[in-house]
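# Structural overview for review
As a plain string of letters, each chain reads:
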Amino acid sequence: FLTKGERERQSTIDNTKLGASLDIKVGESGGLLFKKKILNSPQEMELYRAAKCSYPNHIIIPNTALSTIIDSKICASLDQPTSDFFFKSTLDLCIVHPRSFIGEVFIELDSSWHDLPKQKENDSRKDQIFKAAGLKLHRIRKKENKNMEQAFALYINGITV
């Protein structure tokens, strides 16, 4: 009985240490919880809220795989590196028609991270994928360090579907 209790206590301690080093939580049962918010930043939350206000009857999907919103047959018209990227990449925000369940508005939220050479290459691939699919990819960049929800809403309201 004591040995089992000591093992459970040590396991809880080990999980707590690991959770702290990984910046994740320990659940009620002592196991590590890897769940997270579906929005990756405060800016994505602002963009999501703006889209929800602008398209209240549409389905708003954040951080969705490109293969969810674009048919994978597109890969036949892409080079191999871009095709590989297609299956690994996500879109920051997709506004989906509530009856057809087809994406109508596609938005990528860029930041200073997108100035890095590797990210520029990835952005170029994503642009190429949307162009090949005949879809307009809207890129928005937050330039001010303040809440941009209203500015995002103004931009989104100006998009015609």
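Relevant structure appears above.
Since this is a predicted model, take the numbers as computed values, not measurements.

## What about the packing of helix α2 (residues 42–54) against helix α6 (residues 149–157)?
As a packed pair, α2 and α6 sit with axes 8 Å apart at the nearest point and diverge in direction by 45°. Here α2 is positioned oblique relative to α6, judged by the angle of their axes. In this structure, the crossing between α2 and α6 has a hand that is right-handed. For the pair α2 and α6, contact is made by Gln-43, Glu-46, Leu-47, Arg-49, Ala-50, Ala-51 and Ser-54 and by Glu-149, Phe-152, Ala-153, Ile-156 and Asn-157, respectively. For the contact of α2 with α6, a count of residues per class yields six nonpolar, three polar and three charged.

## Observations regarding the nonpolar core
Within the largest apolar cluster, 16 residues are counted, with the highest numbers of intra-cluster contacts made by Leu-47, Tyr-55, Ile-95, Ile-107, Phe-152 and Ile-156. Counting residues per element, the ones that place at least two in this core are α2, β4 (90–96), β5 (103–110) and α6. Counting 15 residues, the second largest nonpolar core, distinct from the first, contains Leu-66, Ile-69, Ile-74 and Phe-85.

## Considering the sheet that holds strand β6 (residues 137–141)
Reading across the sheet, the four strands line up as β3-β4-β5-β6 and stay open at both edges, with mixed pairing between neighbours. Strand pairing shows two members of the sheet lacking a second neighbour, β3 (59–65) and β6, which therefore form its edges. Each strand of the sheet is rotated relative to its neighbour by a mean of 30°, with strand direction disregarded. Note: β4 against β5, four bridges, orientation antiparallel.

## Some remarks on helix α5 (residues 117–132)
End to end, α5 covers 23 Å across 16 residues, agreeing with the expected 22 Å (1.5 Å per residue, within 8%). Where α5 is concerned, the buried positions are Gln-119, Asn-122, Asp-123, Arg-125, Lys-126, Ile-129 and Phe-130. Buried residues in α5, looked at end-on, bunch into an arc of 160°, giving them a common side. Turned more than 90 degrees away from the buried face of α5 sit Pro-117 and Lys-131, all of them exposed. Looking at the buried side of α5, the elements it contacts are α3 (66–69), α4 (80–88), β4, β5 and β6. With its phi angle positive at about 75°, Gly-134 sits one or two positions after the end of α5.

About the cut-offs
Residues numbered from 1 in each chain as written. Predicted model: local features only at pLDDT ≥ 70, side-chain atom pairs only at ≥ 80, totals over all residues. Heavy atoms only, no water. Axes fitted to C-alpha atoms, helices over the stretch in contact; angles between N-to-C directions. Helix = DSSP H or I, 4+ residues; strand = E, 2+ residues; numbered from the N terminus. Parallel < 35°, antiparallel > 145°, perpendicular 65-115°, else oblique. Left-handed = near helix turned anticlockwise from the far one by under 90°. Contact = heavy atoms within 4.5 Å. Nonpolar A, V, L, I, M, F, W, Y, C, P; charged D, E, K, R; others polar. Core = buried A, V, L, I, M, F, W, Y, C linked by side-chain atoms within 4.5 Å. Buried < 20%, exposed > 50% of the residue type's maximum accessible area, 1.4 Å probe, protein only. Pairing = 2+ DSSP bridges. Expected span 1.5 Å × (residues − 1). Arc of directions from axis to C-beta.

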